[in-house]
Amino acid sequence: MKKTALNQKHKDLGAKMVPYAGFEMPVQYAGVNQEHFIVREKVGVFDVSHMGQFFVKGEKAADFLQHILSNDVPKVAIGQAQYNAMTNEQGGIVDDLIIYRLAENEWMVVVNAANIDKDWDWMNKKNTFGVELTNRSDEMSLLAIQGPKAVEAMQSLTDLDLSQIPFYHFKVGDFAGFENVIISSTGYTGSGGFEIYFANDQAEGIWEKVLAAGKDFGIEPCGLAARDTLRLEKGYCLYGNDINEETTPLEAGLGWVTKLDTDFIGSDKLKIQKENGIEKKLVGFKMIERGIPRQGYKVVDDNVNTVGEVTSGTQSPMLKQGIGLAYVHTDFAKVGTTIRIQIRDRNLLAEVVKTPFV
């Protein structure tokens, strides 16, 4: 298994370590619920250095990215980030990712850890634009500092005004005494905060200073389990669970990042799908009867006919209620529709709801 530059720090803090996407990662420290509420109410820090970072450089960098990505790439200004889907010829999702425009002809692409090798091969295969591709995934670390107190807690570590970095924008500057740190107003918890990118040899120093700066604000290290419950409460997709190469952005509710007039790979198939209508749709649901839904559980109607499948599910720490995402036949996708989730030998009542859950 691979290890992040902060692996020993997590072990020293008593983190429970698990294999994840080929890495040994901290799944929890004090406990999932405690870490969840720290992020919702104060500030927490996640080591997400397992994510991949590719750099794209050249005169046709924007053209290349537009070719492989579903969103409107040229709209991204220098200093701005954009959420995207990378699609295959059938319109399926190769990965969901974030692009950062570093300069006129230079971009950073941040991909999911489990897809680093696959994405790298795909991008190189599709590079008929003569752009320079560099994989720096093994050289870089990434911390997600998330929560409503993140700006206040981290301001002492930089001269940049963190309150003036809008959502999905970034600055490059000094942070915690280190140069050329990318400070990005992004994250996957829905509680505000930053993701910061830096070289591996800066990781231990930045980690220590982040924890010290956040001490008076109640900062705590958080693991992957809380990251999962946090993203699910906001209805955010997780690659491998809710989206994959067999699902399209239109089915996954990602039409808002799918600009069909930009002529990206698979857009012709997605235009046809949009015209004909989708047969399944990713929906959010809340349990009416007590039960915790999990990935792979069947969704059935009142006559126990299978109408879908749960892709993500948990007990929401905020709602104290079972919540989940599921692909269901479009006849059952309307908000307010009642469905049943097969949990062991019981078909428990649930309701399709609008996301986010909280």
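Here's a quick rundown of the structure. Predicted model only: the values in this text are computed from it and were never measured. (Residues numbered from 1 in each chain as written. Predicted model: local features only at pLDDT ≥ 70, side-chain atom pairs only at ≥ 80, totals over all residues. Heavy atoms only, no water.)

Some words on the environment of G324
Line of reasoning, step 1. When you line up the elements, G324 lands in strand β18 (residues 321-329).
Line of reasoning, step 2. In this structure the C-alpha to C-alpha distance between G324 and G79, which are 245 residues apart in sequence, comes to 34 Å.
Line of reasoning, step 3. When residues no more than four places from it in sequence are discounted, the contact partners of G324 are V283, G284, F285, S312, G313 and F357. (Helix = DSSP H or I, 4+ residues; strand = E, 2+ residues; numbered from the N terminus. Contact = heavy atoms within 4.5 Å.)

A few points about the nonpolar core
Line of reasoning, step 1. Counting 35 residues, the largest nonpolar core has F46, Y100, M108, Y197, I243 and L254 as the members making the most contacts within it.
Line of reasoning, step 2. Of all the secondary-structure elements, those providing two or more residues to this core are β6 (81-87), β7 (93-103), β8 (106-111), β10 (140-146), α7 (224-233) and β18.
Line of reasoning, step 3. Not counting residues within four places of it along the chain, the set of residues in contact with Y100 comprises Q80, A81, E106, W107, M108, V110, F170, S184, T186, E195 and Y197. (Core = buried A, V, L, I, M, F, W, Y, C linked by side-chain atoms within 4.5 Å. Buried < 20%, exposed > 50% of the residue type's maximum accessible area, 1.4 Å probe, protein only.)

Structural notes on the packing of aromatic side chains
Line of reasoning, step 1. Considering all chains together, one arrives at 7 aromatic pairs under this definition.
Line of reasoning, step 2. The interplanar angle of 40 degrees and the centroid separation of 4.9 Å between the aromatic rings of Y188 and Y236 together place this pair among those described as tilted. Of this pair, Y188 sits in the loop between β12 (178-184) and β13 (193-199) while Y236 sits in the loop between α7 and α8 (267-276), and the two are 48 residues apart along the sequence.
Line of reasoning, step 3. Put simply, the rings of Y100, F170 and Y197 touch in pairs and so form one group of aromatic residues. (Phe/Tyr/Trp six-rings, centres within 6.5 Å; stacked < 30°, edge-to-face > 60°.)

Some points on the side chain of T189
Line of reasoning, step 1. As for its position among the elements, T189 is in the loop between β12 and β13.
Line of reasoning, step 2. When its relative accessible area of 2% is taken as the criterion, T189 is described as buried.
Line of reasoning, step 3. In terms of polar contacts, T189 uses its side chain to reach the side chain of Q146, at 2.8 Å.
Line of reasoning, step 4. If sequence neighbours within four positions are ignored, T189 has contacts with V39, R40, F46, Q146, L230, K234 and Y236. (Polar contact = N/O pair within 3.5 Å; in protein donor to acceptor, adjacent residues only side chain to side chain.)

Remarks on the pairing of strand β4 (residues 44-47)
Line of reasoning, step 1. Residues G44 and F46 line one face of β4 and the alternating positions V45 and D47 line the opposite face, and both faces are buried.
Line of reasoning, step 2. Summarising the sheet, β4 and β10 pair through 4 bridges and their orientation is antiparallel. Paired with F46 across the two strands is A144, which belongs to β10. (Pairing = 2+ DSSP bridges.)

What about the environment of G255?
Line of reasoning, step 1. Looking at the secondary structure, you find G255 in the loop between α7 and α8.
Line of reasoning, step 2. Along the sequence, G255 and S70 sit 185 residues apart, while their C-alpha atoms lie 9.3 Å from each other.
Line of reasoning, step 3. Residues within four places of G255 in sequence aside, it is in contact with P249 and L250.

Re the environment of K286
Line of reasoning, step 1. Looking at the element boundaries, K286 is found in strand β15 (residues 280-287).
Line of reasoning, step 2. A residue is classified by how much of its surface remains accessible, and K286, at 24% relative accessible area, is partly exposed.
Line of reasoning, step 3. For the pair K286 and L270, spaced 16 residues apart in the sequence, the C-alpha separation amounts to 30 Å.

Some words on the pattern of salt bridges
Line of reasoning, step 1. Under the counting rule described, the total for this entry stands at 12 salt bridges.
Line of reasoning, step 2. For K126, the salt bridge is made with E89, and the minimal N-O distance between the two is 2.6 Å. Taken together, the residues K126 in the loop between α4 (116-125) and β9 (132-135) and E89 in the loop between β6 and β7 connect sequence positions 37 residues apart.
Line of reasoning, step 3. What makes K126 buried here is its relative accessible area of 13%.
Line of reasoning, step 4. Connected through shared salt-bridge partners, D228, R231 and D242 make up one network. (Salt bridge = Lys/Arg side-chain N within 4 Å of Asp/Glu carboxyl O.)

Points about helix α6 (residues 203-213)
Line of reasoning, step 1. What α6 keeps buried is the set A203, I206, W207, V210, L211 and A213. In an axial view of α6, the angular spread of the buried residues amounts to 165 degrees, which keeps them on one side of the axis. (Arc of directions from axis to C-beta.)

Considering unusual backbone geometry
For residues other than glycine, phi is negative in most cases, and the peptide bonds are mostly trans.
Line of reasoning, step 1. For the peptide bond that leads from T355 to P356, omega is 5 degrees, which places it in the cis range.
Line of reasoning, step 2. Assignment of secondary structure puts P356 in the segment after β20 (346-353).
Line of reasoning, step 3. With a phi close to 50 degrees, A21 is a non-glycine residue in the positive phi region.
Line of reasoning, step 4. Here A21 shows up in the loop between β2 (16-20) and β3 (23-28).
Line of reasoning, step 5. The partly exposed category is assigned to A21, whose relative accessible area is 29%.
Line of reasoning, step 6. The backbone of Y168 shows a phi angle near 60 degrees, a positive value even though the residue is not glycine.
Line of reasoning, step 7. Here Y168 shows up in the loop between α5 (150-154) and β11 (170-175).
Line of reasoning, step 8. According to the relative accessible area criterion, Y168 is buried, its value standing at 17%.

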